[in-house]
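Each chain, written out:
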Amino acid sequence: MLYKNLKSIYKRFKKNDYWNVLGVENFFHIRSTENHNSVISFLDNRINDVNAIQFVVTKRGYNFIHDLLEVNHFESSLLLEPEVLTICSIKKEDLTDTEKLYIKSIGGNITKDNNILAYTYKSGYTKRFSNLDEIETIIEHLFFMEAILEQDFDKVMANISNGLINYAYFNMDSQNFYLSSEDCFEMRNHYHYKPCFDALANQYSNITPVDDEGYLIMYHLPISIGKKFENPFLLIFFYPNAKKIYFDYSVSNVFNAKNDIFIPIDSAISKIGLPMDLYITNRYLYALVSKTLRALNINPIFNLDILDVNENIPLNSILYNISIVLDQYVTDYHYNNKKETINILNIIVDKLNQINFDELIEKNFDYDYNEDDDFNSNIEEIN
């Protein structure tokens, strides 16, 4: 029954052609007297005629929306962690066997068009199919969305024309709502600041900082580990004036890193030192390490804007080519074997750390596939 309801309301949205007038940049913030709270937007990637809708329903998701609106440059958005629910429609010919099994498992039948898939993206984890509770949440908010568009479409479009976010508050008792605008999504109370890690602070208490400002950039890698489907992440330590750069990783996601996060930080300090100011591009990583950095007389600053990084090093190219390398050799993006994953990540960061700063700038890290490359052969030995 859930799948039937989901498909019915999706088809009504498609009949009204909402995807032709609404896009990912048009946010709808919905709240109700029964504590429903979501941000909804329409996605149209124009691939295989796939129309999708995205739902933010968690505190981490609200921080993601806030950060997305705050970044001044597209490059910064590549580092953000989405936490959303998404539904999309797929033609039968484009469905994988796994997707067909999922649709049947939630009570659906495979049809020529409009086969609905529901995905959950959780910060620090790989995407997965949504469960029945999540689908029920999606349907609830779709009904809110339908009421807004049916009753106040002209006002919705007027708000969009004026650059406003459509905000709707539903009174569930009287079954009505009013439409206004709102533009604040950040949930700062979701920060969990970790106490100072004394072992590291004491070890480097007398270190003289590098006379430079630095960046600590975190990038989730497109692979997952173990039963929890955690995403390991790449760490880039970059000091532009001193021309120092160091790559490392963590196999835990940022919410489970605990003391593990200080292992790569220890390595970075020992190899390239610490700057006087350190800009950290991930809010949760900032919460984990900021107290420890202050104990080292380092000023930690949460800052999403990585324009200065991209003016000095080809960060986008580095991240892109890391993903290409993984795509070439990792046929199954999910690993139960953590040792195997660590071996692959060691090869990647070792390769990156062998490139000196000037060479990195000069070559722009335009990595080309070569069967004789040591990098490739090393990974092939693991697979």
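Refer to the structure presented above.
Each value, and the rule that gives it
Residues numbered from 1 in each chain as written. Predicted model: local features only at pLDDT ≥ 70, side-chain atom pairs only at ≥ 80, totals over all residues. Heavy atoms only, no water. Helix = DSSP H or I, 4+ residues; strand = E, 2+ residues; numbered from the N terminus. Buried < 20%, exposed > 50% of the residue type's maximum accessible area, 1.4 Å probe, protein only. Contact = heavy atoms within 4.5 Å. Areas by Shrake-Rupley, 256 points an atom, 1.4 Å probe, with all protein chains shown as cover. Pairing = 2+ DSSP bridges. Axes fitted to C-alpha atoms, helices over the stretch in contact; angles between N-to-C directions. Salt bridge = Lys/Arg side-chain N within 4 Å of Asp/Glu carboxyl O. Polar contact = N/O pair within 3.5 Å; in protein donor to acceptor, adjacent residues only side chain to side chain. Core = buried A, V, L, I, M, F, W, Y, C linked by side-chain atoms within 4.5 Å. Expected span 1.5 Å × (residues − 1). Bend = angle between axes of the 7 residues up to and from the residue.

A. Broad picture of the overall build of the protein. The helix and strand tally for the protein stands at 14 helices and 15 strands. Counting across all 383 residues of the protein, residues that qualify as buried make up 52%. Nonlocal contacts in the protein, meaning residues at least 24 apart in sequence, comprise 66% of its contacts between residues at least 6 apart. For the protein, the computed accessible surface area is about 18600 Å², with 46% contributed by carbon and sulfur atoms.

B. Structural detail: the sheet that holds strand β2 (residues 37-44). Read across the sheet, eight strands follow the order β6-β5-β4-β3-β2-β1-β7-β8 without closing on themselves; strand pairing throughout is mixed. Of all strands in the sheet, those bounded by a partner on one side alone are β6 (128-129) and β8 (176-181). Looking at chain direction, strand β5 (residues 115-121) and β6 are connected through two bridges and run antiparallel. Paired with Y119 across the two strands is F129, which belongs to β6. Contacts from helix α2 (residues 59-70) reach β1 (28-32), β2, β3 (51-56) and β4 (84-90), with the element oriented near 55° to β2. Sheet strands in contact with helix α4 (residues 97-105) are β5 and β6, and its direction is about 95° off that of β5.

C. Spotlight on the pattern of salt bridges. A complete count under the given rule lists three salt bridges for this structure. Its salt-bridge partner being R12, residue E146 comes within 2.6 Å of it at the nearest N-O pair. Taken as a pair, E146 in helix α5 (residues 132-151) and R12 in helix α1 (residues 2-15) lie far apart in primary sequence, 134 residues in all. Judged by its relative accessible area of 9%, E146 is buried. The salt bridge partner of R283 is D67, with a shortest N-O separation of 2.4 Å. Note that R283 is positioned in helix α9 (residues 283-295) and D67 in helix α2, a separation of 216 residues in sequence. Taken individually, R283 and D67 each receive the classification buried, so the pair is uniform in this respect.

D. Structural context of the side chain of N115. Mapped onto the secondary structure, N115 falls in strand β5. For N115, the side chain forms a polar contact with the main-chain oxygen of T111, separated by 2.7 Å. Other than its neighbours up to four places away in sequence, N115 contacts Y3, C88, S89, I90, K91, K92, L95, I103, N109 and I110.

E. Spotlight on the nonpolar core. Residues F13, F42, I53, I87, L142 and F170 are the most contacted members of the largest nonpolar core, which totals 44 residues. Sequence-distant contacts of I53, defined by excluding residues within four places in its chain, comprise F13, W19, I40, S41, F42, L85, T86, I87 and L142. Counting 28 residues, the second-largest nonpolar core is a separate cluster that includes Y204, A257, I280 and I298.

F. How the structure looks around α9. The terminal C-alpha atoms of α9, which comprises 13 residues, lie 19 Å apart, in line with the 18 Å expected from a rise of 1.5 Å per residue. Along its length, α9 reaches its greatest deviation from straightness, about 45°, at V289. Sitting at the amino-terminal end of α9 is N282, which places a side-chain oxygen 2.9 Å from the backbone nitrogen of Y284. Downstream of α9 by one or two residues, N297 has phi in the positive range, about 65°.

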